[in-house]
Amino acid sequence: MTTAPTLPVHMQRNGFDPAPELTGMRDGPGIERIRNAFGTEAWLVTRFADVREVLSDPERFSNARLPARFGRPDGTPEVSPEEIARMRAGNLLAADPPEHTRLRRMLTPEFTVRRMRRLEPRIREIVDEHLDAMQRHGPPADLVAEFALPVPSLVICELLGVPYADRADFQARTNRVLDLRIPAEERIRASRESRTYMAELVAGAQADPGEDMLGMLVREHGDDLSTDELIGIASLLLIAGHETTANMLGLGTLALLRHPDQLALVRDEPERVDAAVEELLRWLTIVHTGTAKVATVDTEIAGQPIAAGDVVMCALPAANRDPELRRDPERLDVTRGGVGHVAFGHGIHHCLGAPLARMEMRIGFPALLRRFPGLAEVPGTAGFRSFHVIYGLTSLQVTW
């Protein structure tokens with residue numbers, strides 16, 4: 001039986017902020033040897049420029065060569081090479097060029113800003129429907145359960161062709177996969193269950209492709225993608241499509257509630273919303289590290305020699321609070337905005353769904369704040385989730 005993991009430094013937060021130890025690492029050597037949640041050693045890169053260097057160079061730092069046992073403690077059951085290959089198929093985060101290039105080329109047209117604009121009316125409808133429901137039920141309300149989680153979940157379900165009625169089950173499985181407190185055996189089991197579920201949806205799309213993205217992939221790329229790749233692509237999009245935006249909506253709202261001057265700007269000045277979304281993305285940086293990488297050659301980062309085969313991780317929250325990126329980086333200032341942060345990653349693995357996530361936040365934050373001008377946090381109800389691969393809130397009671 002495995003023991004509960006220890007929260008590693010790259011996942012430690014102090015509310016909205018990276019842990020002081022992580023900030024000190026960035027302001028000191030910039031890179032240190034750490035252990036992940038299950039005791040595996042890795043180099044942790046913390047400065048903005050160094051993080052961008054690692055993320056920009058898939059030849060020196062490979063996603064595909066990560067050891068199969070990375071992130072799994074000793075004593076967990078072995079997974080066969082065949083199953084590992086099936087589970088990595090179609091997962092862009094586990095691929096290097098040219099495989100990554102081939103897969104991403106098929107998906108990129110579906111996530112352009114122009115394509116996302118077609119979704120805007122429907123996203124506004126979904127947001128308004130959930131705000132209507134909150135208003136009908138009256139305060140207090142759990143903002144996570146009633147708004148932040150269901151809005152992006154419904155959007156990605158409609159986009160992919162996943163039945164929204166299945167959301168409770170797939171959200172529960174996703175939570176078990178991403179919660180590192182849960183024993184590895186159970187996380188592997190949840191991952192297998194998720195794959196079985198998605199395999200059924202892919203089989204349905206192959207038999208009768210609809211107008212959704214899964215149907216499009218079958219119709220336009222069915223000869224180029226194996227069934228395992230279709231399952232992997234759809235699984236990644238479903239998880240990333242609801243988990244990340246949901247946690248930004250929840251955590252971002254709490255950040256604004258605790259900075260009322262900033263909240264007023266987002267609520268009352270529509271021209272500020274784009275900049276506000278970028279600043280919230282930078283300041284909160286809900287993805288701790290992104291995918292770990294393996295050095296393919298002997299190299300160097302921040303003056304530190306890195307041996308071929310060493311695992312390298314990038315501390316995205318520390319990088320986004322680097323004074324080299326923004327002046328006074330610890331302060332939330334929605335008036336400055338600005339792209340260039342690494343909240344969506346960087347390089348070839350920059351988040352494919354970033355245009356969709358941005359649109360959901362640009363619509364969601366002001367709509368919520370204008371519908372409920374007196375929105376307020378119920379003190380003591382914000383539940384931060386620390387052991388998750390994606391940082392955020394488990395719940396947040398609000399009133400108005």
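Residues numbered from 1 in each chain as written. Predicted model: local features only at pLDDT ≥ 70, side-chain atom pairs only at ≥ 80, totals over all residues. Heavy atoms only, no water.

### Here we look at the pairing of strand β13 (residues 392–395)
- Of the pairings in the sheet, the one linking strand β12 (residues 383–385) to β13 comprises three bridges and is antiparallel in character. From the neighbouring strand, Gly383 faces β13, where its bridge partner is Ser395. (Pairing = 2+ DSSP bridges. Helix = DSSP H or I, 4+ residues; strand = E, 2+ residues; numbered from the N terminus.)

### Examining the packing of aromatic side chains
- Counted according to the given criterion, the structure contains four aromatic pairs.
- Measuring from centroid to centroid gives 5.4 Å for Phe16 and Trp283, while their planes differ by 40 degrees, and the two rings are tilted. Taken together, the residues Phe16 in the loop between β1 (13–14) and β2 (17–18) and Trp283 in helix α13 (residues 273–284) connect sequence positions 267 residues apart. Pair check on accessibility: Phe16 and Trp283 agree, each one buried.
- The structure contains a cluster of three or more aromatic residues connected by ring pairs, namely Phe16, Trp283, Phe384 and Tyr391.
- One Lys or Arg, Arg167, reaches over the ring of Tyr164 and ends 4.1 Å from the middle of that ring.
- It is Arg173 that lies over the ring of Tyr197; its NZ or CZ is 4.9 Å from the centre. (Phe/Tyr/Trp six-rings, centres within 6.5 Å; stacked < 30°, edge-to-face > 60°. Buried < 20%, exposed > 50% of the residue type's maximum accessible area, 1.4 Å probe, protein only. Lys NZ or Arg CZ within 6 Å of the ring centre and 35° of its normal.)

### Regarding the pattern of salt bridges
- For the structure shown, the criterion picks out 30 salt bridges.
- For the salt bridge of Arg26 with Asp27, the shortest nitrogen-to-oxygen distance reads 3.0 Å.
- Judged by relative accessible area, which is 4%, Arg26 ranks as buried.
- One salt bridge connects Arg122 with Glu158, and the closest N-O pair in it is separated by 2.7 Å. Linking Arg122 in helix α5 (residues 113–137) with Glu158 in helix α7 (residues 150–160), this pair joins segments that are 36 residues apart in sequence.
- Take Arg122: its relative accessible area is 27%, and that puts it in the partly exposed class.
- The exposure class of Glu158 is partly exposed, given its relative accessible area of 38%.
- Through salt bridges with shared partners, a single network forms among Arg122, Glu125, Glu129 and Glu158. (Salt bridge = Lys/Arg side-chain N within 4 Å of Asp/Glu carboxyl O.)

### A word on the packing of α7 against helix α11 (residues 227–257)
- Following both chains from N to C, one finds α7 and α11 inclined at 155 degrees, their axes separated by 8 Å at the closest point. Taken together, the axis directions place α7 and α11 in an arrangement best described as roughly antiparallel. For α7 against α11, the interelement crossing comes out right-handed. Contact residues: α7 offers Pro152, Ser153, Ile156 and Leu160, while α11 offers Ala234, Leu237, Leu238, Gly241, His242, Thr245, Ala246 and Leu249.
- Per-class residue counts for the contact of α7 with α11 are eight nonpolar, four polar and no charged. (Axes fitted to C-alpha atoms, helices over the stretch in contact; angles between N-to-C directions. Parallel < 35°, antiparallel > 145°, perpendicular 65-115°, else oblique. Left-handed = near helix turned anticlockwise from the far one by under 90°. Contact = heavy atoms within 4.5 Å. Nonpolar A, V, L, I, M, F, W, Y, C, P; charged D, E, K, R; others polar.)

### As for the environment of Ala276
- For Ala276, the location among the structural elements is in helix α13.
- Each C-alpha atom of the pair Ala276 and Arg362 lies 8.6 Å from the other, and the pair is 86 residues apart in sequence.
- Those residues in contact with Ala276 that sit more than four places away from it in its chain are Val266 and Val334.

### Considering the side chain of Arg13
- As for its position among the elements, Arg13 is in strand β1.
- No salt bridge is formed by the buried Arg13; its nearest oppositely charged neighbour, Asp17, is found at 7.9 Å.
- There is a polar contact of 2.6 Å between the side chain of Arg13 and the backbone oxygen of Thr285.
- For Arg13, the side chain forms a polar contact with the side chain of His288, separated by 3.3 Å. (Lys, Arg positive; Asp, Glu negative; His and termini not counted. Polar contact = N/O pair within 3.5 Å; in protein donor to acceptor, adjacent residues only side chain to side chain.)

### A look at unusual backbone geometry
- At the junction of Pro97 and Pro98, the peptide bond is cis and its omega measures out at 5 degrees in the coordinates.
- Note that Pro98 resides in the loop between α3 (81–88) and α4 (99–107).
- Looking along the chain, the bond that leaves Pro139 and enters Pro140 is cis, with omega of -5 degrees.
- Inspection of the secondary structure assignment puts Pro140 in the loop between α5 and β6 (141–142).
- A positive phi is found at Thr285, a non-glycine position, where the angle reads about 40 degrees.
- Relative to the helices and strands, Thr285 resides in the loop between α13 and β7 (293–295).
- Despite not being glycine, Asp328 shows a phi value in the positive range, around 50 degrees.
- Among the secondary structure elements, Asp328 is positioned in the loop between α14 (316–320) and α15 (354–371).

The quantities given are spatial measurements derived from coordinates; they are silent on function.
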